[in-house]
Every structure is written in C-alpha cells, then in structure tokens.
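# Descriptive structure summary
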Amino acid sequence: DDCLNERTVEDRHFGSFFGCGSQNDLVVREVDIAEQLPDAGIDDALYELIYNCSKCGTDNNTDSHIDYVAAGNKRFEFFNKFVDNTVFERLNNIVTNDFARVEYTEAIKLLEESGEKFDFIASNPPYVTIEEMEDITPEVAMEPHHALTDGGDGLSIIRKILEIYPKKIKNITWNQEYPLIRDESRCVKCMRCIQVCNKVQGMRVWDVVNTGGRTTVGLADGKTIDTAACALCGQCITHCPVGALKERDDTDKVLNAIADPDIITVVQVAPAVRTAWGETLGLSDELATEKRMAAALRKLGFDYVFDTNFSADLTIMEEGSELVHMFEHTDWYDWPLFTSCCPGWVRFLKTQYPEMVEHLSTSKSPQQMFGAVAKSYFAEQIDVDPKKIYSVSIMPCLAKKYECAVEDLNDAGAGQDVDVVLTTREFTRMIKRAAIDAAMLPEEEFDSPLGTGTGAAVIFGATGGVMEAALRSAYYLIKGENPPAEAFTEVRGGHDWREATFEVNGITLRTAVASGLGNARKLVEAIKAGEVQYDFVEVMACPGGCAGGGGQPIHEGCELFASRGQKLYALDAANTLRFSHENPAVQAVYRDFFKKPLSNEAEELLHTNQKYWNL
C-alpha cells in the first residue's frame, strides 16, 4: 500500500517501521510481519525504525522485510553506536500509534531529548549490507548521504544532525482520556481546524500560537483541552487532512467485553450511522443496509443488537408530552423549550450561556434513555443482573463519548447507563480488524424488544428531524388524531437557522431549527435580545445534524450531511410506522414498566437536569 495517498489513515493498522515520504517527512508505514515473526523482540522492532526505503512507495515484499529483520540485533548495535538509548522510549511511543507523520526537524528534536548532540547519518538496507554495517565508523557515518547508499536516491530516515539545532523542545502532553485526541507531531499547520472551529462553529478552541519560526497550531489562550470550552462537536477531526486529530479509541474496551463470557454485551446503533457505515467499507447504498449492519454487529460478537430508533421514539413520547404540558401550564415555564438530544449543544449552552440551561428539555437523549432501559426493563425481561449488562452505543458523534460518562447518568443503578460509545469510524475499523466481508453478509433483523423504530425516529439523524418527529406526536397528543406524515416538512433544510409556525387545534406553535454552533450562537443571542420569540427550538451542534457528525467517516473535500440526510428521509417514507406513539415496542414499555409519559418511573429513568452535568 502507499499510505501517503490514503486519507483515512486512522482506519488502518500500521507496523513498527519507518519509510520515507519526502525529504521533509518521516512516515510510519505498514509491514505485515506480525504472524511470521511471533517471537520478534524489541530490538527487532526498533531496528525497523531506521529502515530506509527507496521511494515514497518502497518495496513491500514481505519476505525481504523478514530478511532484514532477521539480523535485527546487529543493526540495533549499529544504530546504538550513534543514538543514546534514552531515545528509544520516544521512538517506541511513535510506532505504537496507528499512524505517525513527523517533520524532519521533529526527528532532530526527538534525538535532542536524549540530552546528546549527534553528527551522523543512519542509512540502512536496502543500501547497506550487514557486512558493511560492521565496518562503519562514526567518521564514515559523517560522510555525505550517497556514500552510504551506493548512489541510490533513497532518503535517510534520520538525516545529518547539526549543531544548529541546540533548542530543547517542550514536551506537550495531552489528556489521553479526553474524547478528543491530538497528536501534534502529525500536524502540518494547514489551519483547517482553526477555520472550522472559529468561522463555522464560532468556538475558538484552536488558534495560531507563537510567532516567527515557532508559529504553530495550538489551543487558544494557552488553555489545555480540559479547560478549553470545547463542545466536542468533532468538526476539527473531520476537517483535519492528516489525522492529527482523532477520537479516543475505545474499540479494545468493547472487544474485551465481547470476549468476556460473564458479560452480556448489548449494542445500540444511532439513526445516522446507517447512512454512512458502508462508506469506508466500499459498500454501495444497496448493500449498506441497516439489516446488513445488524448482521455485521452480530458477526463481531455482540449478544444483543438493538436500534436507537426505539429510544428515539421513547424520547419523542417524553419530550412531546413535556411540550404539551408546558402549553397546558404556560405560566409555569420559561420559554422557549430547547431540545436536549445533542450533548455538543448541551456543552455549548453550559459553557457559553449557562443562564439558558434551564430552557433545555429534561428528557434524556435517545442514547441515554436506551442505556437506562437496557439496564432496567430489558434486564428484567431476560432475567439477568443489570450489572452483567455492558451497554455499547455506536454513534455518529464525538460528544456522545462525553455524555455517557456524565456522573449523573447512572439512574439504572448498574454503573453508567451506557458503558462506552464508539463512533461510526471505530465501528467500521472493528469490521476491518475482524476481516468481515460485510458485502457477503445476509441481512438480519434487529433484536426485540428494543429493536423496533418508526420513520419519525430515523429522521433524528437529520437537522430538523427531532422537531418534525416531536410535532407529529405533539399534534396527536393535542388533537387525538394523526396529522399527515408530511405536515411539518417545513422544518427540514440545510445547516442554517430556520423558522416555521404551525397551528395545532387553535394553538400557535412557533419553532426554530439550527445546526452548527455558529448558527446556534446567533439564535441564542437573538432570543436573549428579545428579537425573536419561539416556543420550541431544535439545535444540533454539527452542520446538517448527526448525519454530518464528528464521528462519521471522513471524505477529503466533501460534505455529505445533505445526501446522508436524504437517505434518512427515504427510510422514513418507506417505513410503515411514521409516528413515534405508534411504535408497539414503546407502547409495551409504557404498559409494562413506565405506565405513561412523565410518570414517576419515567422521570426517574428517562429525565435529567443538565444543570448538574459535570464538564
């Protein structure tokens, strides 16, 4: 493979060997030798760090690679003549990452961290033989590059280190437990993260820092990521061209749970995931169906495969009832009512406009409602201890990783209601890692009783979808009859700020929909200034809603939220159930467990107060 031409580098596993990408780059490239060298020691692995390839694309013949590794100890000794051992820990940290890209100067910085100055060139096979290595002295190593490469045009892994680089480099640490991870060594200072964060999302988490030759990209105002007011929308990840920004990888947690015979793994899949999961697997729309997605999840080993559409319908029953109750007691509440499904929007409101948090619906997001139901109602249904259930959520979203860890969201009494969240990208990586040919899988249904969803639920993944679904059921709750399924399509649209007014049984309902935090800021400012008056407002942090979420597959130069949103509306139109209150699984959970929307039991498990959420 030519990994330099692969944009989705985070979706691949790379071995521990360097190849050269250009004169200014060091690139970790892939060598698939793990199975053939099961007993390879650290010396062999570290030798690969100084392997020198002939071009960007190098010879990928596995046998030749094995020949080189076979003499790893001698090459290690050669390398050790010129590099202090303390550098190896840093080198090893680089190769354990999925993919690393560092500038030439970063290699210099790396060596300087060992406290020594080096004047050498380390050039290695295929240009230097084992025998030649044994004769190389420090003086020979100081010769020009071609002296050690037989005139070849390859570029050295570590170039000549000169006295002109005396500056010590500050080691910038990053909280590896944070949902958003940054690897500064991969950053090429393209400024895309700054542009999308500042100009589209209006958050200014990233900024240009330092001056002159030290200019780089960093966190604004000298903050750490823990103290920055990041909404975790993930748009910086989807717009980074080199993988310097990525989500925290939680796939090993899930695989360990699947492998544990004492744990019951339950997985839910968000509506927007079904529009994008096949993109990086090379599946056509005809093959990337939600039923084939369910089959892939079973193939991965999950015990129960459910659909977040079920709990999206449950959310509509609670949030729609909340809205109707507010209209029945208008003097009791501060208006408008904000949707609360998007944790990126919740984080935005808590950090930017904390005085407006009380406007959020107390209804939990579909993800969190599902987790609470899985560890209560479902545990009763299958007669197991809720503590044995490991609840996994597959989401198009980065902020969902934060939401599942909020301390208050543990109402079922069996740990966090949702144990771990995977993005769509992590899900597809798991499929690749398991060597599953998704195209060959037969279609399978979601499990019952939490696998049934309506068309109203599936459009949650598109901007305006939550509003439309809520209005469909609110109309029924007010009038006692269903509206036409297409009655509220006026709230559909792009990633801007939209308004619509509806009359329901003599009640005027003023609504607004916004996606993207830059639009959300404008909307909130207009509400605070008294320039607009609304009754019900939907906000999604990502442009286009969840379909354009920060956890979705990345396509360089393409914004796919619109086409993904159209897929969701097509699924809605094809569904025989178009209204959340008609979902038989939701009707059953109310009949057998919650009794009715907004009941005491529902308030305990399905509602929250975002004011007390930790950030």
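These notes cover the structure that comes with them. (Residues numbered from 1 in each chain as written. Predicted model: local features only at pLDDT ≥ 70, side-chain atom pairs only at ≥ 80, totals over all residues. Heavy atoms only, no water.)

## Notes on empty space enclosed by the protein
Unfilled space is identified by rolling a water-sized probe across the atoms. Note the cut-off: Definitions used for this entry: grid spacing 1 Å over protein atoms alone; cavity, a set of points where a 1.4 Å probe fits but cannot get out; pocket, an open set with protein on both sides within 12 Å along at least 5 of 7 lines; lining residue, one with an atom within 4 Å of a point. Grid points are joined across faces, edges and corners, and a volume is the space filled by probe spheres set on the points. Here the term charged refers only to Asp, Glu, Lys and Arg, the term nonpolar to Ala, Val, Leu, Ile, Met, Phe, Trp, Tyr, Cys and Pro, and the term polar to all other amino acids, Gly among them.
Applying the stated criterion to the full structure yields six cavities of 30 Å³ or more. Empty space within the largest cavity amounts to approximately 270 Å³. Each residue belonging to the lining of the largest cavity can be placed in one class, and the counts come to 19 nonpolar, six polar and one charged.

## Focus: the pattern of salt bridges
Just so we agree on the cut-off: What makes a salt bridge here is a side-chain nitrogen of Lys or Arg within 4 Å of a carboxyl oxygen of Asp or Glu, nothing more. Numbering of helices and strands runs from the N terminus, with a helix taken as a DSSP run of H or I at least four residues long and a strand as a DSSP run of E at least two residues long.
Applying the stated criterion across every chain, the model contains 34 salt bridges. A salt bridge links aspartate 221 to arginine 204; the nearest nitrogen and oxygen atoms lie 3.0 Å apart. Residue aspartate 221 is located in the loop between strand E6 (216-219) and helix H9 (235-238), and its partner arginine 204 is located in the loop between helix H8 (192-200) and strand E5 (206-209); the two are separated by 17 residues in the primary sequence. Where salt bridges share partners, they join Glu468, Arg472, Glu486, Arg492, Asp572 and Arg578 into one cluster.

## Remarks on the side chain of asparagine 309
To be explicit about the condition: Accessible area is worked out with a 1.4 Å probe on protein chains only. A residue is then buried under 20% of its type maximum, exposed over 50%, and partly exposed in between. Residue contacts are counted whenever heavy atoms from the two residues lie within 4.5 Å of one another.
Within the secondary structure, asparagine 309 is located in helix H12 (residues 308-328). Residue classification places asparagine 309 among the buried residues on the basis of a relative accessible area of 4%. Each residue touching asparagine 309, except ones within four places of it in the same chain, is listed here: Val269, Pro271, Arg274, Thr452, Gly453, Thr454, Ala457 and Val458.

## What about the packing of aromatic side chains?
To keep it simple, the criterion reads: Here is the rule: rings of Phe, Tyr and Trp (six-membered ring for Trp) pair when centre to centre is within 6.5 Å. Planes less than 30 degrees apart are stacked, more than 60 are edge-to-face, and the remainder are tilted. As a reminder, the over-ring test applies to NZ of lysine and CZ of arginine, requiring each to be within 6 Å of the ring centre and within 35 degrees of the ring normal.
Inspection of every chain in the model, using the stated rule, returns 16 aromatic pairs. The interplanar angle of 80 degrees and the centroid separation of 5.0 Å between the aromatic rings of phenylalanine 488 and phenylalanine 502 together place this pair among those described as edge-to-face. Linking phenylalanine 488 in the loop between helix H18 (465-479) and strand E13 (497-504) with phenylalanine 502 in strand E13, this pair joins segments that are 14 residues apart in sequence. We note that phenylalanine 488, like phenylalanine 502, is buried. Three or more aromatic residues joined by ring pairs form one cluster here, namely Tyr304, Phe306, Phe370 and Phe378. When the ring centre of tyrosine 402 is taken as origin, the NZ or CZ atom of arginine 347, which lies over that ring, is 4.5 Å away.

## Re the environment of leucine 606
With respect to the element layout, leucine 606 can be found in helix H22 (residues 600-606). Sequence-wise, leucine 606 and phenylalanine 594 are twelve residues apart; in three dimensions their C-alpha atoms are separated by 9.6 Å. In contact with leucine 606, other than residues within four places in its own chain, are Leu314, Glu318, Thr362, Ser363, Lys364, Met369, Val373 and Phe594.

## Some thoughts on the sheet that holds E13
The pairing of strands in a sheet happens through backbone hydrogen bonds and is either parallel or antiparallel. Applied cut-off: Note on pairing: two strands pair once DSSP finds at least 2 bridges between them.
Spatially, E10-E15-E14-E13 is the arrangement adopted by the four strands of the open sheet, whose pairing is mixed. A strand with exactly one partner marks an edge of an open sheet, and here the two such strands are strand E10 (337-338) and E13. In this structure, strand E14 (residues 507-515) lies alongside strand E15 (residues 536-540), joined through five bridges in parallel fashion. In the sheet register, threonine 511 faces E15, and the bridge partner there is phenylalanine 536.

## Considering the packing of helix H14 (residues 366-382) against helix H21 (residues 584-594)
Just so we agree on the cut-off: For helices, the axis comes from a line fit to the C-alpha atoms of the stretch in contact; other axes are also lines fit to C-alpha atoms, and the angle between any two N-to-C directions lies between 0 and 180 degrees. In what follows, roughly perpendicular refers to angles from 65 to 115 degrees, roughly parallel to angles under 35, roughly antiparallel to angles over 145, and oblique to any angle outside these ranges.
Between H14 and H21, the shortest axis-to-axis distance is 11 Å and the interhelical angle comes to 80 degrees. In this view, H14 runs roughly perpendicular relative to H21, as classed from their interaxial angle. Taken together, the residues of H21 that come into contact with H14 (itself represented by Val373, Ser376, Tyr377 and Glu380) are Ala588, Val589, Asp592, Phe593 and Phe594. The residue inventory of the contact of H14 with H21, partitioned by class, reads six nonpolar, one polar and two charged.

## What to know about the packing of helix H13 (residues 343-352) against helix H19 (residues 517-528)
To keep it simple, the criterion reads: Rotating anticlockwise by less than a right angle from the far helix to the near helix defines a left-handed crossing, while the corresponding clockwise rotation defines a right-handed one.
Taken N-terminus to C-terminus, the directions of H13 and H19 make an angle of 50 degrees; their axes are 11 Å apart at the nearest point. In terms of axis orientation, H13 runs oblique to H19. The handedness of the crossing between H13 and H19 comes out as right-handed. For the pair formed by H13 and H19, the contact residues are Trp345, Phe348, Leu349 and Gln352 on the first element and Leu517, Ala520, Arg521 and Val524 on the second. Residue composition of the contact of H13 with H19, by class: six nonpolar, one polar and one charged.

## Comments concerning H8
Regarding H8, the residues found buried are Cys193, Ile194, Val196 and Cys197. Buried-residue contacts for H8 involve E5, E6, H9 and strand E7 (245-247). Backbone geometry just downstream of H8 places glycine 202 in the positive-phi region, at approximately 65 degrees.

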